Amino acid sequence: MYNIFDNLILGFQVATSWENILFCLVGVTIGTLIGVLPGIGPTTGIAILIPVTFGMSATTAIITMAGVYYGAMYGGSTTSILINLPGESASVMTMLDGYQMARKGRAGPALGMAALASFIAGTFAIIMLTLVAPPLASFAVSFGPPEYFALTFMGLTLVSALGGDNPLKAYISAVLGLLVACVGIDAVSGVARFTYNNMNLLDGVGFIGMAIGLFAVSEILVNIEEPIKQVFSDAKLGIMSLFPNRQDWKDSFGALWRGSLLGFFIGTLPGSGATLCSFIAYGVEKKVSRHPEKFGTGLIEGVAAPEGANNAAAGGAMVPMLTLGIPSGGATAVMLGALMIHGLRPGPMLFSTNPEFVWGLIASMYIGNVFLVILNMPLIGIWVQLLRVPYKVLMPLILTISATGIFATDNNVFDMWVMFFFGLVGYVMQKLGFPAAPMVLAMVIGRLVEMSLRQSLTISHGDISIFFTRPISGVLTVIALVSLFSPLLRLLWNKYGKGKTAAT
Amino acid sequence: MKKSEMMTGIVLMVLSGFVIWEALEMPPSATFGPGAGFLPFWLGIVLAVLATILFVSAWRRPATEKEGEPVFPGKQALFTIVLTLTGLAGYILLIEVLGYLMDTFLFIVFLMKAVEREKWPLTLMIAAGTTAVLFFTFQILLKITLPSNMFGL
């Protein structure tokens with residue numbers, strides 16, 4: 001069994017050091033906070049936190065950042081249920097039935113089920129991660145440059161094809177991200193590319209500045225333009241009112257395990273993300289239900305399915321990041337970028353070279369989920385009160401934390417200009433409907449894409465058939481090509497169909 | 001959306017042309033295998049193709065009513081966004097002149113007063129509080145030397 005127990009024990013030894021326990025708690029608390037507050041999402045939160053995690057060891061840093069990620073999945077449901085406003089995008093589906101339950105006076109069980117479903121599905125996902133990740137990593141150790149290129153290529157096309165409603169714009173975003181990754185000294189030949197004699201660009205565009213600009217600053221600009229409505233909730237929530245009754249559990253049982261499985265497995269695919277998983281889980285639940293027409297009127301399974309799925313997806317997203325070094329979406333891309341700055345090279349070797357890191361993280365997620373249930377059940381009243389903090393107080397805080405953090409990483413004002421630039425770019429992109437996640441993802445794995453591509457072509461003397469003739473890279477390349485051209489095929493299909501109806 | 005997408009397409013085409021030109025200027029590989037300009041060149045080509053698709057599909061699409069709405073905000077909102085960005089630029093420019101404490105304090109005052117039009121007492125309270133918390137976190141807890149001005153503040 002790949003010594004899973006030995007490894008888990010090692011992990012728990014790492015995760016239960018006082019420092020890691022403390023920062024796990026800090027991470028999940030910040031995550032819950034970010035989840036509760038509208039106008040700031042998990043990706044932004046993680047990006048802002050990177051500079052603060054610099055003084056920590058890499059393990060403590062990832063424990064904190066992962067805590068923010070899955071913590072936000074818990075917190076997001078609170079506002080969805082109480083005030084019909086999603087705290088972050090993965091909780092949009094929870095709103096449909098959760099808010100209706102609250103209107104019928106069943107806010108308590110809805111919140112309780114959201115937290116417990118998150119806990120059950122989250123823990124399920126970590127168990128799956130524990131079981132799936134090591135064999136996948138040892139399988140991936142044999143990957144050479146062609147496999148890596150095929151894998152990164154597939155990651156990029158899947159992110160673009162799945163994440164968002166306009167794949168063309170996502171592809172453009174990814175290509176731009178790859179171009180940004182090209183800036184700086186070429187690692188093979190030592191040629192300075194796109195640097196224009198600027199000393200600061202020789203090392204490439206600063207990742208932290210770019211991530212914070214694209215996520216935090218642009219989000220602030222969008223929120224300034226369309227101020228967030230402040231809604232309060234005066235629901236009185238005692239701890240006992242939070243527990244779902246026997247009938248609730250019976251109704252939610254199917255939703256829970258379907259949501260957990262769907263969330264985990266779809267969550268491992270690059271580009272899926274927690275939001276997509278919660279949409280799919282809700283849809284599936286509606287399909288298999290004996291009374292689909294009642295969805296949206298306050299069914300408890302309509303809360304359990306998406307909440308379970310988004311938490312399981314947060315665990316699933318760790319699989320490709322830890323075993324292959326390929327992030328599955330915006331949040332994991334930012335985490336991966338942070339790890340590289342910490343000097344770790346994420347990928348299959350991580351399991352053998354840094355077992356304390358990987359297993360410490362996995363073990364901390366078991367602990368973090370327990371923290372989160374405690375934070376979200378008895379203390380839910382406090383989080384509801386926090387909704388009273390107006391955004392106009394938060395806005396200067398987010399902006400100055402971002403700017404200070406960026407300065408603090410390198411003591412370099414230039415990185416602040418990078419943030420400024422990408423803040424503006426991110427705002428324009430958001431207005432024009434270009435998703436930012438493919439760009440950040442491409443930027444993070446850009447060097448890997450380029451190295452593996454050039455090494456492969458060097459091995460094969462410039463023959464691109466190398467990506468097709470090796471079995472693993474062949475399969476991956478074909479998947480990548482299919483997902484790359486899927487929007488085109490769909491477009492042609494639609495056009496052809498429309499042309500025919502117009503003719504008749 | 002139609003107009004702005006056509007504009008975006010043109011901007012991206014110009015960008016891709018520039019990238020391709022730059023990539024061709026890069027020295028070829030000294031040994032065998034692809035050189036420094038290889039990936040940028042092909043990225044430029046791909047970008048050009050995608051930008052053309054964006055432009056053509058926007059051009060051929062009839063402007064529907066919903067798409068007739070302007071993408072960018074009205075004058076009022078645009079003004080506050082420009083104001084925020086100007087403030088941020090000023091903050092970055094002045095941070096090594098005014099020192100961290102003073103610059104951050106003034107920046108928050110600017111955001112609360114000019115952008116959000118808050119009352120003075122709340123503005124000053126938030127500005128002082130935020131600056132103090134940030135200074136404490138970064139300078140004292142994380143031991144990062146933040147910029148100081150000529151008076152050492």
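As the structure is a computational prediction, the values presented were derived from the model and not from experiment.

(A) Representation of the overall build of chain B in the model. The number of helices and strands found in chain B is five helices and zero strands. Along chain B, helices (α) and strands (β) appear in the sequence α-α-α-α-α when read from the amino end. Against the 2.2 N^0.38 benchmark of 15 Å for 153 residues, chain B shows a C-alpha radius of gyration of 24 Å, more extended than a compact globule. By its C-alpha atoms, chain B is 55 × 55 × 25 Å across when sized along the principal axes. Across chain B, contacts joining residues at least 24 apart in sequence account for 56% of those joining residues at least 6 apart.

(B) Focus on the overall build of chain A. Scanning chain A for helices and strands turns up 22 helices and two strands. Relative to a compact globule of 504 residues, whose C-alpha radius of gyration would be 23 Å, chain A shows 22 Å and is just as compact. Across its three principal axes, chain A shows a C-alpha extent of roughly 70 × 65 × 55 Å. When burial is assessed residue by residue, chain A has 61% of its 504 residues classed as buried. For chain A, long-range pairs separated by at least 24 residues make up 80% of all intrachain contacts whose partners lie at least 6 apart in sequence. Counting every atom, chain A has about 18,900 Å² of accessible surface; 67% of that belongs to carbon and sulfur. Side chains of chain A give 25 positive and 23 negative charges; the mean places of these two sets differ by 11 Å.

(C) Spotlight on the nonpolar core. Core analysis: the largest hydrophobic core is formed by 185 residues, its most contacted members being Y69, I172, M318, M335, F357 and M416 of chain A together with L88 of chain B. Take this core: its biggest share by element is 15 residues, from helix α6 (residues 107-140) of chain A. Filtering out sequence-adjacent residues up to four positions away, M318 of chain A remains in contact with A66, Y69, L129, M335, L361 and M365 of chain A. Of all hydrophobic cores here, the second largest spans twelve residues; its members include A140, M154, I326 and L476 of chain A.

(D) Spatial organisation of the interface of chain B and chain A. Taken together, the contact pairs 58 residues of chain B with 52 residues of chain A. Roughly 5,100 Å² is buried in total at the junction of chain B and chain A, and carbon and sulfur atoms are behind 84% of that figure. Remark: the boundary between chain B and chain A carries two salt bridges. Between E5 of chain B and K169 of chain A there is a salt bridge; the shortest N-O distance is 2.5 Å. Where chain B meets chain A, there are six residue pairs in polar contact (both at pLDDT 80 or more).

(E) Focus on the confidence of the model for chain A. Averaged over chain A, the pLDDT score is 87; the fraction of residues at 70 or greater is 95%. No element of chain A has a lower mean pLDDT than helix α22 (residues 471-503) of chain A, at 75, and none a higher one than helix α19 (residues 413-432) of chain A, at 94.

(F) Spotlight on the pattern of salt bridges. Residues and elements named next belong to chain B. Under the counting rule described, the total for this entry stands at ten salt bridges over all chains. The closest approach of N and O atoms between R61 and E5, which form a salt bridge, is 2.9 Å. Of this pair, R61 sits in the loop between α2 (38-60) and α3 (75-98) while E5 sits in helix α1 (residues 2-25), placing them 56 residues apart in sequence. You can call R61 partly exposed: its relative accessible area is 27%.

(G) The arrangement of a nonpolar patch on the surface in detail. A cluster of nonpolar side chains, namely F485, L488, L489, L491 and L492 of chain A, defines an oily patch on the protein surface of about 490 Å² accessible area. With respect to the helices, strands and loops of the structure, L489 of chain A is situated in helix α22.

(H) View of the packing of helix α4 (residues 58-83) of chain A against α6 of chain A. Residue and element names in this part refer to chain A. The contact between α4 and α6 brings their axes to 10 Å, and the two run at 160°. Accordingly, the angle class assigned to the pair α4 and α6 is roughly antiparallel. Judged by the sense of rotation from one axis to the other, the crossing of α4 with α6 is right-handed. Facing Y74, S77, T78, I81 and L82 of α4, the residues of α6 in contact are A107, A110, L111, A114, A115, S118 and F119.

(I) Just the side chain of T332 of chain A, in detail. All names here are of chain A. Summarising the element assignment, T332 is placed in helix α14 (residues 330-341). When its relative accessible area of 1% is taken as the criterion, T332 is described as buried. In terms of polar contacts, T332 uses its side chain to reach the backbone amide nitrogen of G329, at 3.1 Å. When residues no more than four places from it in sequence are discounted, the contact partners of T332 are A317, M321 and P327.

(J) Molecular detail of unusual backbone geometry. Residue and element names in this part refer to chain A. At Y196, a residue that is not glycine, the phi angle is positive and equals roughly 50°. Its place among the elements puts Y196 in the loop between β2 (192-193) and α9 (207-225). Its identity as a non-glycine residue notwithstanding, N411 has a phi of 50°, on the positive side. Along the chain, N411 turns up in the loop between α18 (391-410) and α19.

(K) Looking closely at helix α5 (residues 92-103) of chain A. Residues and elements named next belong to chain A. Over its twelve residues, α5 extends 17 Å from the first C-alpha to the last, a length consistent with the 16 Å expected when each residue adds 1.5 Å. Of all the positions in α5, only M93, T94, M95, D97, G98, M101 and A102 are classed as buried. Along its buried surface, α5 packs onto α4, α6, α11 (273-288) and α12 (301-316). G105 sits one or two residues past α5 and shows a positive phi near 85°.

(L) Up close: the packing of aromatic side chains. Residues and elements named next belong to chain A. Under the criterion given, the structure shown has 13 aromatic pairs over all chains. Here the aromatic rings of Y282 and F295 are separated by 5.6 Å at their centres, their planes lie at 85°, and the arrangement is edge-to-face. One end of the pair, Y282, is in helix α11; the other, F295, is in the loop between α11 and α12, and 13 residues separate them in sequence. For the pair shown, Y282 and F295 are each scored as buried. Taken together, the ring pairs connect F139, F143 and Y148 into an aromatic cluster. Here the guanidinium or amino end of K169 rests over the ring plane of F434, the centre of that ring lying 5.5 Å away. We note R258 situated over the ring of W257; from NZ or CZ to the ring centre the distance is 5.5 Å.

(M) Region of interest: the packing of α18 of chain A against α3 of chain B. Where α18 of chain A meets α3 of chain B, the axes come as close as 12 Å, and the angle between the chain directions of the two elements is 35°. Relative to α3 of chain B, the crossing made by α18 of chain A is right-handed. The residues of α3 of chain B that touch α18 of chain A, namely those facing L399, A403, T404 and F407 of chain A, are T84, L88, Y91 and E96 of chain B. Looking at the contact of α18 of chain A with α3 of chain B residue by residue, the class counts come to five nonpolar, two polar and one charged.

(N) Structural context of the environment of I212 of chain A. On the secondary structure map, I212 of chain A appears in helix α9. If near-sequence neighbours (up to four positions away) are discounted, I212 of chain A is found in contact with A47, I48, P51, V217, S402, I406 and M419 of chain A.

(O) Here's a closer look at α1 of chain B. Given a rise of 1.5 Å per residue, 24 residues ought to cover 34 Å, and the 35 Å separating the end C-alpha atoms of α1 of chain B matches this to within 8%. Within α1 of chain B, the full set of buried residues consists of S4, E5, M6, T8, G9, L12, S16, V19, I20, E22 and A23 of chain B. The inward-facing, buried residues of α1 of chain B contact α8 (167-182) and α19 of chain A together with α2 of chain B.

(P) Representation of the environment of D203 of chain A within the structure. Residue and element names in this part refer to chain A. Note that D203 resides in the loop between β2 and α9. Residue D203 is classed as exposed on the basis of its relative accessible area of 74%. For the pair D203 and P135, spaced 68 residues apart in sequence, the C-alpha separation works out to 35 Å.

Quick notes on the rules
Residues numbered from 1 in each chain as written. Chains lettered and ligands numbered in written order. Predicted model: local features only at pLDDT ≥ 70, side-chain atom pairs only at ≥ 80, totals over all residues. Heavy atoms only, no water. Helix = DSSP H or I, 4+ residues; strand = E, 2+ residues; numbered from the N terminus. Rg over C-alpha atoms; globule rule 2.2 N^0.38 Å. Contact = heavy atoms within 4.5 Å. Buried < 20%, exposed > 50% of the residue type's maximum accessible area, 1.4 Å probe, protein only. Areas by Shrake-Rupley, 256 points an atom, 1.4 Å probe, with all protein chains shown as cover. Lys, Arg positive; Asp, Glu negative; His and termini not counted. Charge placed at Lys NZ, Arg CZ, Asp CG, Glu CD. Core = buried A, V, L, I, M, F, W, Y, C linked by side-chain atoms within 4.5 Å. Buried area = accessible area lost by both parts, 1.4 Å probe. Salt bridge = Lys/Arg side-chain N within 4 Å of Asp/Glu carboxyl O. Polar contact = N/O pair within 3.5 Å; in protein donor to acceptor, adjacent residues only side chain to side chain. pLDDT = per-residue confidence, 0-100. Patch = residues over 30% accessible without salt bridge, like charges linked within 9 Å, V, L, I, M, F, W, Y side chains within 5 Å. Axes fitted to C-alpha atoms, helices over the stretch in contact; angles between N-to-C directions. Parallel < 35°, antiparallel > 145°, perpendicular 65-115°, else oblique. Left-handed = near helix turned anticlockwise from the far one by under 90°. Expected span 1.5 Å × (residues − 1). Phe/Tyr/Trp six-rings, centres within 6.5 Å; stacked < 30°, edge-to-face > 60°. Lys NZ or Arg CZ within 6 Å of the ring centre and 35° of its normal. Nonpolar A, V, L, I, M, F, W, Y, C, P; charged D, E, K, R; others polar.

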